[in-house]
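An overview of the molecular structure
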Amino acid sequence: DRIFRGHLARVYQVLGEAVPPFLRQPIKLDRGEPPIREPVRFVTPTIDGVATSFYEWWLASHYTVRSDAAQMFCPVSYLTGIWYGFDRERFYLRLDPSPALMNGAGAYVGCCRILAPHPFKLAFPLSVSDEVPCTLSRADGGAGDGGGSWEVVPTRARGAIRRIVDLAVPFADLDLKEGERVEFVVEVLEGG
């Protein structure tokens, strides 16, 4: 839709005409729920790779991963949901894998990249295990901006993958203090 409207706008520009305002509006308007739900209060989930109960993650933030069906090219979505929360000591992350990810288990690596306040990245293999090995790296120099390098640091992060991906990372490992706003992205990598 966006690409098509862009081409039509370009036609108007080439003809020296004003681009009609309706070409700036998507044809399909999303009137559904917002894709993210904010946290309600502390959570302390069991890190076991399964949704132990309905209420285990209920108070955490939830981001529903959606593909844009209005696009002509829809990439494969490896996650259906991302949940995150915290208690006084740890940051928790839950990933709900799609069948495409679990069918290729072992070929993918998950990465939670902390962007602010301090650049860190937590990498973990996306394969079924009761004890997922986690590698925590801290930005050395400009690595947080894409330059520089990453230094592997000790971590007490732990994880488990069975039906879901459960991770727990101590705030102390991330040099985070109470009240600091954390910005992060989640990546699924194949071959780097």
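Okay, so let's go over this structure.

Cut-offs applied
Residues numbered from 1 in each chain as written. Predicted model: local features only at pLDDT ≥ 70, side-chain atom pairs only at ≥ 80, totals over all residues. Heavy atoms only, no water. Pairing = 2+ DSSP bridges. Helix = DSSP H or I, 4+ residues; strand = E, 2+ residues; numbered from the N terminus. Buried < 20%, exposed > 50% of the residue type's maximum accessible area, 1.4 Å probe, protein only. Core = buried A, V, L, I, M, F, W, Y, C linked by side-chain atoms within 4.5 Å. Phe/Tyr/Trp six-rings, centres within 6.5 Å; stacked < 30°, edge-to-face > 60°.

All right, on to the sheet that holds strand β4 (residues 90–97) then. Taken together, the six strands give an open sheet; going across it, the order is β1-β2-β3-β4-β10-β9, and neighbouring strands pair in antiparallel fashion. Among the strands making up the open sheet, the edge pair consists of β1 (36–37) and β9 (158–161). Looking at chain direction, β4 and strand β10 (residues 165–170) are connected through six bridges and run antiparallel. Each residue of the ladder has a partner; that of Y92, found in β10, is A168.

Let us look at unusual backbone geometry. Cis geometry is found at the peptide bond from A116 to P117, where omega equals 10°. On the secondary structure map, P117 appears in the loop between β5 (108–116) and β6 (120–125). We note that D175 has phi near 55°; this positive angle belongs to a residue other than glycine. Relative to the helices and strands, D175 resides in the loop between β10 and β11 (183–190). Taking relative accessible area as the criterion, D175 reaches 33% and is therefore assigned partly exposed.

Okay, the nonpolar core next. Counting residues in hydrophobic clusters, the biggest one holds 26 residues, and the most contacted among them are L93, L122 and F124. Breaking this core down by element, the ones donating at least two residues are β3 (79–86), β4, β5, β6 and β10. Grouped together as the second largest cluster of nonpolar side chains are eight residues, W83, Y92, A160 and A168 included.

What follows concerns the packing of aromatic side chains. Tallied over the full model, the rule gives six aromatic pairs. Ring centres of F42 and F86 lie 5.8 Å apart, and the angle between their planes is 75°; on these two criteria the pair is classed as edge-to-face. Taken as a pair, F42 in the loop between β1 and β2 (61–64) and F86 in strand β3 lie far apart in primary sequence, 44 residues in all. Ring geometry for F54 and Y55: centres 5.0 Å apart, planes at 90°, overall edge-to-face. Each member of the aromatic cluster is reached from another via a ring pair, and the members are F54, Y55 and W58.

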